[in-house]
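# Observations on the three-dimensional arrangement
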Amino acid sequence: MTKKLTYKELEQRVKRLEKEITARKQSEKELLKSEQELNTRNRILEIFLTTTDNKMYGKILEVVLEAVQSPFGTFAYINEDGERVVPSMAGDIWDKCKFPGKVSCFPRETLGNNLWARCIIEKKTISSNGPFKVPDGHIPIFRALAVPIIHQKEVIGNLMVANKVTDYDRNDRELMQTIAEHIAPILHGRLASESHQKEREFIQEQLKTSLKEKDMLLREIHHRFKNNMQVVSSLLSLQSMNIKDRKYAGMFKESLNRIRSMAFIHENLYQSEDFTKINFIKYVNSLVNSIIQSYTVDTKKIKVKQEIEDIQIDLDKAVPCGLLINELVSNALKHAFLNKRVGQIEIGLFSINENETELLVGDDGIGLPEDLDITHIESMGLNLVKILALDQLKGRIEIDREAGTKIHIRFKN
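The present account deals with the structure reproduced in this document. None of these values were measured; they are calculated from a predicted model. (Residues numbered from 1 in each chain as written. Predicted model: local features only at pLDDT ≥ 70, side-chain atom pairs only at ≥ 80, totals over all residues. Heavy atoms only, no water.)

What follows covers the packing of aromatic side chains. Within the structure shown, the criterion is met by 2 aromatic pairs. Through pairs of rings, three or more aromatic residues link up here, namely Tyr57, Phe75 and Tyr77. Above the face of the tryptophan 116 ring, arginine 84 is positioned so that its terminal group lies 3.8 Å from the ring centre. (Phe/Tyr/Trp six-rings, centres within 6.5 Å; stacked < 30°, edge-to-face > 60°. Lys NZ or Arg CZ within 6 Å of the ring centre and 35° of its normal.)

As C-alpha cells, then:
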C-alpha cells in the first residue's frame, strides 16, 4: 500500500515542485533571452558586413529597436573631432520634430546635460522612466535608455532608445550593453577604415592638384622656352640680313634651322597632353616644312617622302633626332641635287624591335664620295651628326651609297 502523506510532507513536495517549475521557467527565459541576443548580434554583424554606406546605421538601429521594443531611437558615432554624429534616426522621428535648427552633428562642447550626452561623458548606461524636457516642437519623450559604445576605454558612439510602452528595466539595460559591446570593435574597424579612406582621398586630391599645378608650370616653361628660342631666331635672322658674305650668311641660316628644330619640339610639347613624349609625325612635318622654306626649295622638283611610324619619342631622344633630321635634310638640299633638276628626300622612323628604333634620312642625289668616313670628318654639319648619333643617342651609323645616299641611325629606346 502507498504510504499516506502527511499534510506537512505534502506541503514540502508542493514547494519543491514550485521551485522546479520556477527554475525551469527561469532557464527557459534565460535560453530565450540568449537566443534573442544571439539572433540580434548575428543580424547586426551581417549588416556591418554587407552595408558599406551610412544606411548601415539605420538598419542596425531597426534591429536594436525591435530587440528593445521601442519606437524611437538613435545610433551615433564620435568622429575624429570628438563630435557626436547621428547619421540615422528611427522611423519618421526627424519629420515629426518641428523645432528649428535641427542638426545631426553635435560638437562635444555643446552636448549639454541630457541623457544621451551624459552617457557619453560619464561612459555609462543611463536610463530614465520620467518625462523629459525637450525643445518646443520636439516629439515628447516619456522614457529613454542610452548606452555608450566603448572601444579600448574610449567612447566611439552611443545607442539610445525611447518611448517603450513599459518602463525600461534591468533586462533592457543588460541587452543594450550586450549589443553595444558587440558593436564596439566592428564600429571601430569601420570608422578606422572610413578615416583611412578619407585620408587617401584627401591625399589623392592633393596629388591631383599638385600634378595639375606642375602640368601648368611645365606647359608654361615649354611655351616660354619656345618663345625665347623664337626671339633668338628672329635676332639671328635680322642680323643675317646685314651679312654680304654668302659663306657666313649660310652659317647663320644653318644656326637658325638648328634653333628652330629645338623650338618646334617645345612647341609640340606645349600642345601635347604628355610632356614626356612628343608626336613625332607632327613634329617632323613642321620641321621639314621650315627647312624647305628656309632653302626656298621648289617642292614640285624636290619631293620629300616621309614614312614615320606612330612612335612616341621621349624628350631625351626627340631633341637629337630633330637636330639629326635638320642637319641631314639641310645637307641634302645644299649638296645632293647640284646637277639634277628633280629629286627626292626620304625620311623614316621605324621600330626594329621592342628595344631598338631606326632613323633614316636619304636622298637620290649625287651621293657621298666613296672614301668619305663620316666618323672622321671636319665638316661642322656632319661632325654634329656624328656627335648626336653616337654620343647623344648612343647609337650606330650605317651609310648606304646605292642610288644616292641613305644614312641609317639605330638607337635603343
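Once you've had a look at it, read on.
Another point: the pattern of salt bridges. Oppositely charged side chains can pair when the atoms bearing their charge come close. For the structure on display, the rule yields 11 salt bridges. Note that glutamate 205 is salt-bridged to lysine 208, the shortest N-O span being 3.9 Å. Of the two residues, glutamate 205 and lysine 208 both sit in helix H5 (residues 170-240), 3 residues apart, roughly one turn of that helix. Overall, glutamate 205 belongs to the partly exposed group, its relative accessible area being 45%. (Salt bridge = Lys/Arg side-chain N within 4 Å of Asp/Glu carboxyl O. Helix = DSSP H or I, 4+ residues; strand = E, 2+ residues; numbered from the N terminus. Buried < 20%, exposed > 50% of the residue type's maximum accessible area, 1.4 Å probe, protein only.)

For the rest of this paragraph, the subject is the pairing of strand S1 (residues 72-78). Counting buried positions along S1 yields 7 of 7 residues, so the element is predominantly enclosed. What you see with S1 is no split at all: Phe72, Thr74, Ala76 and Ile78 on one side and Gly73, Phe75 and Tyr77 on the other are buried throughout. In this structure, S1 lies alongside strand S6 (residues 154-162), joined through 6 bridges in antiparallel fashion. By the bridge assignment, phenylalanine 75 is partnered in S6 with leucine 159. (Pairing = 2+ DSSP bridges.)

Here the focus is the sheet that holds strand S11 (residues 356-363). Pairing is mixed across the open sheet formed by 5 strands, whose spatial order is S8-S10-S11-S13-S12. The open sheet terminates on both sides in strands that have one partner only, identified here as strand S8 (302-308) and strand S12 (396-400). Strand-to-strand twist in this sheet, taken as the mean axis angle between neighbours without regard to direction, amounts to 15 degrees. Strand direction decides the pairing type here: S12 and strand S13 (residues 405-412), joined by 5 bridges, are antiparallel. Each residue of the ladder has a partner; that of arginine 396, found in S13, is arginine 410. Its contacts with the sheet put helix H7 (residues 280-294) on S8 and strand S10 (343-353), and the angle it makes with S8 is roughly 165 degrees. Helix H8 (residues 315-335) contacts S8, S10, S11 and S13 of the sheet and is inclined by roughly 15 degrees relative to S11. (Axes fitted to C-alpha atoms, helices over the stretch in contact; angles between N-to-C directions. Contact = heavy atoms within 4.5 Å.)

Moving on to a nonpolar patch on the surface. On the surface, a nonpolar cluster with roughly 430 Å² of combined accessible area is contributed by Phe202, Ile203, Leu207 and Leu211. Along the polypeptide, phenylalanine 202 turns up in helix H5. Note on phenylalanine 202: relative accessible area 55%, which makes it exposed. (Patch = residues over 30% accessible without salt bridge, like charges linked within 9 Å, V, L, I, M, F, W, Y side chains within 5 Å. Areas by Shrake-Rupley, 256 points an atom, 1.4 Å probe, with all protein chains shown as cover.)

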